[in-house]
Amino acid sequence: MSYQKAFKGLLATATAFLPSLVLAADVVEREPNIKAIIMFLAFVASTLFITYWASKRTKSANEFYAAGNKITALQNGLAVSGDYMSAATFLGFTAAAFLVGFDALFYTLGATVAWVIVFFLVAERLRNLGRYTFTDAAAYRLDRVPIRTLAAVGTLVVVIPYLLAQLVGAGALVQSLFTIDYTLAVCIVGALMMLYVTFGGMLATTWVQIVKAVLLLAGGSIMAIYVMYKFGFSFDALAKASVDIHAKGEAIMHPGGKFDDVWGALSLGMALVFGTAGLPHILMRFFTVPDGKVARKSAVYAMGFIGYFMTIVIIIGLGAIVFVTGRPEFLDTDGDLIGGANLAAVHLSAVIGGDYFLGFISAVAFATILAVVSGLSLSAASAVSHDLYATVFRNGEATEKEEIFVSRITVICIGVVTVLLAIAFEKESVAFLAILALAIAASVNLPVLLLSMYWKGITTRGAVFGGAIGLVSAIVFIVISPTVWVKMLGFDEALFPYGYPTIVSMPLCFIAVYIFSVTDKSARADKERAAYEAQVLRSELGSLED
Amino acid sequence: MQSNIEEKILSNPKYRALVAKQSKLRWCCAGGILLAYFIFVIVAFSHPDILAAKVSENSIVPIGIPLSFLVFVIQLALTIVYARLESGSFASIKKEIIAEAKA
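Each chain has its residues counted from 1, following the order in which its sequence is written. Chains carry letters and ligands carry numbers; both start at the beginning, A for chains and 1 for ligands, and go up in the order they are written. Two thresholds apply to this predicted model, a pLDDT of at least 70 for residue-level local features and 80 or more for giving and counting side-chain atom pairs, whereas whole-chain, interface and lining totals are computed over all residues. Side-chain measures here rest on the full set of heavy atoms in the structure, leaving out hydrogens and waters.

Let us look at the packing of helix H6 (residues 104-129) of chain A against helix H16 (residues 431-454) of chain A. All names here are of chain A. Lines fitted to C-alpha atoms define the axes, with helix axes restricted to the stretch in contact, and inter-axis angles between N-to-C directions lie between 0 and 180 degrees. Segments assigned H or I by DSSP are reported as helices when at least four residues long, segments assigned E as strands when at least two residues long, and all are numbered from the N terminus. Put simply, H6 and H16 touch, their axes get as near as 10 Å, and they point 70° apart. The orientation of H6 relative to H16 falls into the category roughly perpendicular. The element H6 and its partner H16 pack so that their crossing is left-handed. On H16, the residues that touch Phe 120, Leu 121, Val 122, Arg 125, Leu 126 and Leu 129 of H6 are Leu 446, Leu 449, Leu 450, Met 453 and Tyr 454. For this scheme, ten residues count as nonpolar: Ala, Val, Leu, Ile, Met, Phe, Trp, Tyr, Cys and Pro. Four count as charged, namely Asp, Glu, Lys and Arg, and the remainder, Gly too, count as polar. Residues that form the contact of H6 with H16 fall into these classes: 10 nonpolar, no polar and one charged. Every angle not falling under 35 degrees, over 145, or within 65 to 115 is termed oblique; those three ranges are roughly parallel, roughly antiparallel and roughly perpendicular. What makes a crossing left-handed is the near helix being turned counterclockwise from the far one by less than a right angle; a clockwise turn instead makes it right-handed. Contacts: residue pairs with any heavy atoms within 4.5 Å of one another.

With that settled, the discussion passes to the interface of chain A and chain B. How large an interface is tends to be reported as the accessible area lost when its parts come together. The partner chain B presents 50 residues to the 52 residues of chain A that form the contact. Between chain A and chain B lies a buried interface of about 4800 Å² when both sides are counted; carbon and sulfur atoms form 77% of it. Summed over the three residues of chain A that lose the most area to chain B, namely Leu 109, Phe 120 and Leu 544 of chain A, the buried surface amounts to 15% of that side. Put simply, a salt bridge is a Lys or Arg side-chain nitrogen that is within 4 Å of an Asp or Glu carboxyl oxygen. Here chain A is connected to chain B by four salt bridges. A salt bridge links Glu 250 of chain A to Lys 54 of chain B; its shortest N-O distance comes to 3.9 Å. We define a polar contact as two N or O atoms separated by no more than 3.5 Å, with the added condition that, inside protein, one atom must be a possible hydrogen donor and the other a possible acceptor, whereas residues neighbouring each other in sequence contribute only through side-chain atom pairs. The tally of links between chain A and chain B comes to 13 residue pairs in polar contact (both at pLDDT 80 or more). Element by element, the count of residues in the side of chain A that touches chain B is highest for H6 of chain A, at 13 residues. In terms of residue class, the side of chain A that touches chain B is built from 32 nonpolar, eight polar and 12 charged. We define buried area as the total accessible area lost by two parts upon association, computed with a 1.4 Å probe and summed across both.

Between helix H11 (residues 262-277) of chain A and helix H2 (residues 13-46) of chain B, the least distance of the axes is 9 Å, while the angle of their chain directions is 155°. Accordingly, the angle class assigned to the pair H11 of chain A and H2 of chain B is roughly antiparallel. When the axes of H11 of chain A and H2 of chain B are compared, the crossing they make is right-handed. In contact with Val 262, Ala 265, Leu 266, Gly 269, Met 270, Leu 272, Val 273 and Phe 274 of chain A of H11 of chain A, H2 of chain B contributes Leu 34, Tyr 37, Phe 38, Val 41, Ile 42 and Phe 45 of chain B. The residue makeup of the contact of H11 of chain A with H2 of chain B, split by class, is 13 nonpolar, one polar and no charged.

Written as structure tokens, this is what we have:
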């Protein structure tokens, strides 16, 4: 296979620049964490082996997009929960618990609620209607070309900002963890991501995610058990100690400190729940298992892992308050925590297990980013090749080979572009990018998908107008929100008071789909409404042929 | 005759009853959990003292933390029960419906 040859060539190049990674570390003033780098290299070596193995099993489109439907329930459960356990949840949610205490529950609970929505409302019908992407289900009885275009755009505007935010975060994280250069760090993440996805497709992406999920669950458990052990397994004692040490005192055990008012909090909650539920790289995972029974079982596993992880995240955050706060070795010359609150969990690992455990957790944090960006770029590539190229441009006449080829090219293009953007954005605040991704997923992808599966009355016109209005309003309200209007554009007062636009943009999308659907009197609309019964039958009973 | 089979299934009262039961269950479970989450968020702001109330006199832990844990346990229980139903009795009814239509 020519791909494998190319893979070996690239592998050689990859190993060639690895020594420069250690070299670059020497240049930086602070001492490089050699143990962390060694553990990270061990992880990278094993994932490259996985990718080589997967590349021999990735030839057809089904293998490229859906890992040949051969993933088991436990494997898929781990992979899905791995998508949920991103750097944003592991480092960001522990940082939230470290900073504000109680209010971190909005995030952790929101993430589990998102999975409930996916499980009950989306998974079953999505699987029976689609093959590779969520667009398959949305376009089932509607006009293929406009709906696939809309959903592909919806996927790309969610995935690319999210990917970019992760890359910028990865660069900053790696800079403080391994003390290597930001640009080099971003290039390494981008290069590995392209390698995994172009050669190994969904199979490699899934296994990288599984390995990382196991490592992160193990590392997180060790930290949580250590913290609880120190307090005689009494959560009450842990809470008391963290209140004593935290500058805000008892306020961290009191809800509501983080937001000014209830609408802002609701808007955030909606973005967390419905945005996470509409992330295309997570929905894709339902197509990697052989049948509905396995899919359901994997969803139950995922629920367990996600919930467990969200529980230990709170314990780790409170543990960091007790064990990290005020320790001089974690403070920079200004007296601030090195790397900010996002590294609270990583600093805690140094307290627990010294340099080795610090190295392990640092490597796991980096692996987390790698695994998540791989899933993201695969879903963006599928949107371009499967939805746009094969269906819209080639009218369904592209061969599998051509489709996979376009996928691989797309992964490389997306990789190069996002790496360059990430380098350009080094000094910028990228918080708005993650907000953008979740808000658009909640205001375009999820409403259109849910309505196309559950509402007889939806028509192509309604879906297109509704999706477009959701998309535009999400972007506009983010631009005039405090995050962009005040902090980035420098105006005095934001035109829209809340950080997340979801409370406006999501209802707007639903209302627009409704209005433009019920007023649609075209013959096409009548046909689409008439096709609903058959779609429900298909979505509940699956294919009747066999 | 694909469309013939489809018509037979669509006119089968067993199929109608199953789909109605399924969607009721799904929307109730998902809606209930959603409601719990958003009530949690709203109460945290409008009446923070309710969630901040201590679990017991000697404890500092606010009731909101065990409550959020309880919500998760309910979620896990619901997914397990529903997955069993869907893979068990629902699946066998579906098989029957298809077999009847093809007969």
